[in-house]
Amino acid sequence: MIKMVNEKLLYEGKAKSVYQGENDEEVIIKFRDDMTAGDGARHESMGQKGYLNSILCAKIFEIIEEAGVKTQFIELTEPCVMKAMKLEMIPIEVIVRNIATGSIVRKFPFEDKTPLNPPLVQMDFKADEYHDPMLNDAIAKALGIATQEELDKLRELALKVNEIMKKMFKDIGIILVDFKIEFGKDKEGNIYLGDEISPDSCRLWDAETMDMLDKELFRQGKDDEVIEAYQEVYNRLLSDEEKAKFN
Ligand code: TYD
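Residues numbered from 1 in each chain as written. Predicted model: local features only at pLDDT ≥ 70, side-chain atom pairs only at ≥ 80, totals over all residues. Heavy atoms only, no water.

Q: Let's hear about the overall build of the chain: which residues, and what values?
A: When helices and strands are counted, the chain shows 7 helices and 13 strands. The C-alpha radius of gyration of the chain comes to 17 Å, within 12% of the 18 Å expected for a compact globule of 247 residues. Across its three principal directions, the C-alpha atoms of the chain cover 50 × 45 × 35 Å. Within the chain, the proportion of its 247 residues that are buried is 51%. (Helix = DSSP H or I, 4+ residues; strand = E, 2+ residues; numbered from the N terminus. Rg over C-alpha atoms; globule rule 2.2 N^0.38 Å. Buried < 20%, exposed > 50% of the residue type's maximum accessible area, 1.4 Å probe, protein only.)

Q: Describe the nonpolar core, naming the residues involved and giving the relevant values.
A: Ranked by size, the top nonpolar core spans 63 residues in total, and within it Ile 92, Met 165, Phe 169 and Ile 197 carry the most contacts. Look past the residues within four positions of Ile 92 in its chain and what remains in contact with it is Met 123, Asp 124, Lys 126, Leu 135, Ile 145, Ala 146, Leu 151, Leu 154, Ile 181 and Glu 182. (Core = buried A, V, L, I, M, F, W, Y, C linked by side-chain atoms within 4.5 Å. Contact = heavy atoms within 4.5 Å.)

Q: Hey, could you go over the packing of helix α1 (residues 49-66) against helix α4 (residues 148-170) for me, with residue numbers and the actual values?
A: For the pair α1 and α4, interaxial distance at closest approach is 10 Å and the crossing angle is 120°. The orientation of α1 relative to α4 falls into the category oblique. Considering only the axes of α1 and α4, their crossing is right-handed. Counted together, Ile 60, Ile 63 and Ile 64 of α1 and Val 161, Ile 164, Met 165, Met 168 and Phe 169 of α4 form the full contact between these two elements. Considered class by class, the residues forming the contact of α1 with α4 number 8 nonpolar, no polar and no charged. (Axes fitted to C-alpha atoms, helices over the stretch in contact; angles between N-to-C directions. Parallel < 35°, antiparallel > 145°, perpendicular 65-115°, else oblique. Left-handed = near helix turned anticlockwise from the far one by under 90°. Nonpolar A, V, L, I, M, F, W, Y, C, P; charged D, E, K, R; others polar.)

Q: Quick one: what's the story with the packing of aromatic side chains, residue by residue and with numbers?
A: Enumeration over the complete set of coordinates arrives at 0 aromatic pairs. The ring of Phe 218 has Arg 42 sitting right over it, with the charged end atom 4.1 Å from the ring centre. One cation-aromatic arrangement involves Lys 70 over Tyr 192; the distance from NZ or CZ to the ring centre is 5.0 Å. (Phe/Tyr/Trp six-rings, centres within 6.5 Å; stacked < 30°, edge-to-face > 60°. Lys NZ or Arg CZ within 6 Å of the ring centre and 35° of its normal.)

Q: Summarise the sheet that holds strand β1 (residues 9-12); cite the residues concerned and give the values.
A: Spatial strand order, β1-β2-β3-β7-β6: 5 strands in an open sheet with antiparallel pairing. Each edge of the sheet is formed by a strand with only one pairing partner; in this case those strands are β1 and β6 (73-78). For this sheet, the mean inter-axis angle between neighbouring strands, taken without regard to orientation, is 25°. For β1 and strand β2 (residues 16-20), the ladder comprises 3 bridges, and the chain directions are antiparallel. Residue pairing for β2: Glu 12 is matched across the bridge by Ser 17. Docked against the sheet, α1 engages β3 (26-31), β6 and β7 (81-85), running at close to 145° with respect to β6. (Pairing = 2+ DSSP bridges.)

Q: Explain the pattern of salt bridges to me, and be specific about the residues and the numbers.
A: Where charged atoms of side chains with opposite charge meet at close range, the side chains can pair. Summed over all chains, the structure comprises 30 salt bridges. As a salt-bridge pair, Glu 196 and Lys 16 come within 3.1 Å of each other at their nearest N and O atoms. Here Glu 196, found in the loop between β12 (191-194) and β13 (202-206), pairs with Lys 16, found in strand β2; they are 180 residues apart in sequence, far enough to count as distant. Taking relative accessible area as the criterion, Lys 16 reaches 12% and is therefore assigned buried. Taken together, the salt bridges that share partners define one network made up of Lys 16, Glu 93, Lys 126, Lys 180, Glu 182, Asp 195 and Glu 196. (Salt bridge = Lys/Arg side-chain N within 4 Å of Asp/Glu carboxyl O.)

Q: Report on the site of the ligand, specifying residues and quantitative values.
A: As a matter of local geometry, the ligand sits amid 15 residues, with Glu 93, Arg 97, Ser 103, Asp 178 and Arg 203 nearest to it. The separation between an oxygen atom of the ligand and a polar side-chain atom of Glu 93 is 3.1 Å. Taking 500 Å² as the accessible area of the ligand by itself, protein coverage stands at 81%. Elements supplying a minimum of two residues to the shell around the ligand: β9 (92-100), α2 (103-107), β11 (174-185) and β13. For the shell around the ligand, the class distribution of residues is 3 nonpolar, 4 polar and 8 charged. (Near = heavy atom within 4 Å. Polar contact = N/O pair within 3.5 Å; in protein donor to acceptor, adjacent residues only side chain to side chain. Areas by Shrake-Rupley, 256 points an atom, 1.4 Å probe, with all protein chains shown as cover.)

Q: I'd like a description of the environment of Lys 243, backed by residues and values.
A: By the secondary structure assignment, Lys 243 is in helix α7 (residues 240-245). Classification of Lys 243 as buried rests on a relative accessible area of 16%. Linking Lys 243 and Asp 195, residues 48 residues apart in sequence, is a C-alpha distance of 23 Å. In contact with Lys 243, not counting residues within four places along its chain, are Tyr 234, Asn 235 and Leu 238. Within the local environment of Lys 243, its side chain forms a polar contact with the backbone oxygen of Leu 238, the two atoms lying 3.4 Å apart.

Q: Now, about a negative patch on the surface: what can you tell me, with residues and values included?
A: Side chains of Asp 211, Asp 224, Glu 225 and Glu 228 sit close together on the surface and give a patch of like negative charge. Structurally, the position occupied by Glu 225 is in the loop between α5 (216-219) and α6 (226-237). On the basis of relative accessibility, which here comes to 39%, the residue Glu 225 falls in the partly exposed class. (Patch = residues over 30% accessible without salt bridge, like charges linked within 9 Å, V, L, I, M, F, W, Y side chains within 5 Å. Lys, Arg positive; Asp, Glu negative; His and termini not counted. Charge placed at Lys NZ, Arg CZ, Asp CG, Glu CD.)

Geometric descriptors of this kind do not, in isolation, establish any biological role.
Set out below in structure tokens:
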């Protein structure tokens, strides 16, 4: 067991806490069971969520890394506890959409469930006090959040991550509708995929039944279906050997 009590808390998010790692180049990310929606208006503890999301995130980051995109992930030392590279996070939520649903349908005249071809990349400013407004390149540059070169790189990486994940989920009978990712920089300014990818940050539909297998269930108040859905993604994505590792 890693002794979290002695660890220095660097940052506490809505579902994860970030602690100082063994050295200045590393952090420990602890996945919690907390689930929030509506800008924090709803907050529940969902048993097993931290466990499932940490294992799913580790697996997804491994697959993405193997496909050639650098990620922050180093090792899942135990369920819920991820060792990762320390990065300076870029305050942009990069959202990739393969099918229009959710906020884009509320804000623009897209018909719900319209396929988006090519996929649409959207960037939101990650700032709770401003309710994460949508960015464009001019605003991001004027705010000093990122350079044009970095913005272009984020879009390129986001589309690559989309291709990798679309295939990964298709192979297990799941449609990747949309997702949100975040990036950070090391001391040399190299860009890495950071934060997490899990059913908390993606919309996933069962390819046969079109059932939701993600956090949207919680947003819609179907709290009792959430863990079962996350468990289903876990069951399909992890091999028996991988499941046995932390059992
Ligand atoms: P979006 O439709 O913009 O937001 P909402 O969930 O409010 O309708 O979400 C697009 C995808 O990005 C969806 O899979 C959820 C994910 N996402 C996050 O994980 N965190 C966020 O803060 C936002 C805005 C989206």
